[in-house]
Amino acid sequence: MYLTETHVQVRDMARDFADQVIRPVAEGLDRDETFPAGLYDEMAKLGLFGIGVPEALGGPGFDTLTYALVMEELSRGYASVADQCGLLELISTLLVRHGTARQQALLGDILAMKTKVAYCITEAEAGTDVSGIRTTAVADGAGWVLNGGKIWIHNAPVADLGFVLARTDKEAGNRGMSIFIVDLHAAGVTRGPKEHKMGQRASQVGGLDFKDVRLGPDALLGAAGRGFHMMMSVLDKGRVGIASLAVGIGQAGLEAAVEYAGQRRQFGKAISEFQGVQWLLADMAKDIEAARLLVQSAAVKIDRGEDATKACSMAKCFAGDMAVARTADAVQVFGGSGYIRGFEVERLYRDAKITQIYEGTNQIQRMIIARELLKKGARA
Ligand SMILES: Cc1cc2nc3c(=O)[nH]c(=O)nc-3n(C[C@H](O)[C@H](O)[C@H](O)COP(=O)(O)OP(=O)(O)OC[C@H]3O[C@@H](n4cnc5c(N)ncnc54)[C@H](O)[C@@H]3O)c2cc1C
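Residues numbered from 1 in each chain as written. Predicted model: local features only at pLDDT ≥ 70, side-chain atom pairs only at ≥ 80, totals over all residues. Heavy atoms only, no water.

### Topic: the overall build of the chain
If you tally the helices and strands in the chain, you get 12 helices and 10 strands. Taken against the 2.2 N^0.38 rule, which gives 21 Å for 380 residues, the C-alpha radius of gyration of the chain at 21 Å falls within 12% of a compact globule. Looking at the chain as a whole, 53% of its 380 residues are labelled buried. Carbon and sulfur atoms make up 54% of the accessible area of the chain, which totals about 16500 Å². (Helix = DSSP H or I, 4+ residues; strand = E, 2+ residues; numbered from the N terminus. Rg over C-alpha atoms; globule rule 2.2 N^0.38 Å. Buried < 20%, exposed > 50% of the residue type's maximum accessible area, 1.4 Å probe, protein only. Areas by Shrake-Rupley, 256 points an atom, 1.4 Å probe, with all protein chains shown as cover.)

### Considerations on the pairing of strand β1 (residues 117–120)
Here β1 shows two buried faces, one formed by V117 and Y119 and the other by A118 and C120. Sheet analysis places β1 next to strand β4 (residues 161–167), joined by four bridges and oriented parallel. Following the sheet pairing, Y119 is matched in β4 by F163. (Pairing = 2+ DSSP bridges.)

### Looking at the site of the ligand
Lining the immediate environment of the ligand, one finds 17 residues, of which Y119, I121, T122, T128 and T361 sit closest. One nitrogen or oxygen atom from the main chain of W152 is found 3.0 Å from a nitrogen atom belonging to the ligand. Interatomic distance of 2.6 Å between a side-chain N/O atom of T361 and an oxygen atom of the ligand. Coverage of the ligand by the protein chains reaches 63% of its 980 Å² of free accessible surface. Of all the secondary structure elements, the ones that give two or more residues to the shell around the ligand are β1, β3 (143–154) and α12 (362–376). Residue classes in the shell around the ligand are distributed as 10 nonpolar, six polar and one charged. Looking at which domains feed residues into the shell around the ligand, each of domain 2 (117–227) and domain 3 (231–376) supplies at least three. (Near = heavy atom within 4 Å. Polar contact = N/O pair within 3.5 Å; in protein donor to acceptor, adjacent residues only side chain to side chain. Nonpolar A, V, L, I, M, F, W, Y, C, P; charged D, E, K, R; others polar. Domains from an automatic or database assignment.)

### Here's the deal with the side chain of Q84
Mapped onto the elements, Q84 comes out in helix α4 (residues 79–98). Given the relative accessible area of 1%, Q84 is considered buried. At 2.9 Å, the side chain of Q84 forms a polar contact with the side chain of N155. Sequence-distant contacts of Q84, that is, excluding residues within four places in its chain, are made with F35, Y40, F49, M113, H154 and N155. (Contact = heavy atoms within 4.5 Å.)

### Focus: the nonpolar core
Formed by 92 residues in total, the largest nonpolar core has its most connected members in M43, L74, Y119 and F163. Per-element tally for this core: the top contributor is helix α8 (residues 235–263), with 12 residues. Beyond its immediate stretch of four places on either side in the chain, F163 contacts I91, L95, V117, A118, Y119, C120, I179, F180, I181, L221 and M231. Ranked by size, the runner-up nonpolar core spans 20 residues in total, among them V189, V213, L215 and L220. (Core = buried A, V, L, I, M, F, W, Y, C linked by side-chain atoms within 4.5 Å.)

### Points about the packing of aromatic side chains
This model, assessed by the stated rule, comprises six aromatic pairs. Between Y260 and F334, the aromatic rings sit 4.1 Å apart at their centres with planes inclined by 15°, giving stacked as the arrangement. Taken together, the positions of Y260 in helix α8 and F334 in helix α10 (residues 309–334) put the pair 74 residues apart, joining distant regions of the chain. Accessibility expressed as a relative area gives 9% for F334, which makes it buried. Every member of this aromatic cluster is reached through a ring pair, and the members are F35, Y40 and F49. (Phe/Tyr/Trp six-rings, centres within 6.5 Å; stacked < 30°, edge-to-face > 60°.)

### Considering a nonpolar patch on the surface
Taken together, the side chains of Y339, I340 and F343 define a hydrophobic patch exposed on the protein surface, amounting to about 350 Å² of accessible area. Overall, the relative accessible area of 45% leaves I340 in the partly exposed class. (Patch = residues over 30% accessible without salt bridge, like charges linked within 9 Å, V, L, I, M, F, W, Y side chains within 5 Å. Salt bridge = Lys/Arg side-chain N within 4 Å of Asp/Glu carboxyl O.)

### Quick word on the domain arrangement of the chain
Looking at the assigned domains, one finds that the chain contains domain 1 (5–111), domain 2 (117–227) and domain 3 (231–376). Spacing between the C-alpha centres of domain 1 and domain 3 amounts to 20 Å. Linking R23 and E344 is a salt bridge whose minimum nitrogen-to-oxygen distance equals 3.0 Å. On inspection of domain 1 and its partner domain 3, the count reaches 12 residue pairs in polar contact (both at pLDDT 80 or more). Those elements giving two or more residues to the side of domain 1 that touches domain 3 turn out to be α1 (5–32), α3 (64–77) and α4. Looking at the side of domain 1 that touches domain 3 element by element, the count peaks at 10 residues for α3. Looking at the side of domain 1 that touches domain 3 residue by residue, the class counts come to 11 nonpolar, six polar and nine charged.

What follows is the structure, encoded as structure tokens:
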């Protein structure tokens, strides 16, 4: 309903790429937990990273709705690939909004995937409650000295640069945090082992430790003390990204289930002729479309400059819950086959679960929705 010709063109380009290049290799990437480097190079050449980066800074300058469409299509191919796109969108949005000209010059290599990046907030004692972070950056001469550690960081095993949230003022609460661009090859940086995950197994996730890591004055992104606010300010867009990723997983499950139901025969007929199976397919289709519309509506609110917080949380929460429930239905349509490794729906079910957890758990999304309702009223 909101799509222009450009939206449709970019969506279809991403869809073709997912069908021809991503989907055929997804099972192997999941099985081998492999980082698909060549594939990311191709995506970079197609301009699928940093979708919102303005042309003046080397990006295509597309709107949030385009970003949502691309994320859905890439995720329909394989969620780990979309995850990389989402991560680069968050980092590039931070750089576009808060970077100096010198820091923004990093964007070229980041969007070409020549410089790999990580977004580093979570710590052992600070997950949902980001205000609990203990990583510190202490001013030292013209620069800073970083100490602490992060866990479950996407790209940590392979990244060149970390965008690290650290405490710069112990007394100032959420106003005492800052973001630093950290060279992850520098002395004092240690990488933990790669985590072995339930789903999205090609994404490389791990920990980072910082011991007396010396940072130059250029490492500080934006103003000191504004890090928490800056990280939070990109979360609306981040939530649209994860919600779109969840819709893509659901859509892949629906397509697989419809095809299988037409082929699999029991009692002398295709299982698609049984009403019990038809209702599973119908529920999948209606919930996926509902999630898609919520996501697109939230994206349009961001693009119009409207207050999008509640819309983004509703989209992320609904789409994540939908993806888990409806990929379970896809497994059900496949019967025992759906439980066996190598069948796409088995992977999709595993890939869906994390969409209820990262970028703010779905409990937190419900808290935000309720807070907004109680603050602004039920019709706002
Ligand atoms: C695969 C993967 C990739 C990740 N990538 C990154 C990354 O790139 N960068 C990064 O910084 N982090 C990353 N994370 C971390 C992720 O963002 C956190 O796992 C998430 O924020 C939840 O934190 P937690 O795991 O510590 O859970 P906790 O905060 O310990 O929460 C545990 C449970 O308690 C609930 N809970 C907590 N507080 C409340 C409350 N006030 N009200 C109601 N319920 C509550 C939660 O919803 C959850 O169900 C990643 C995690 C995973 C698993």
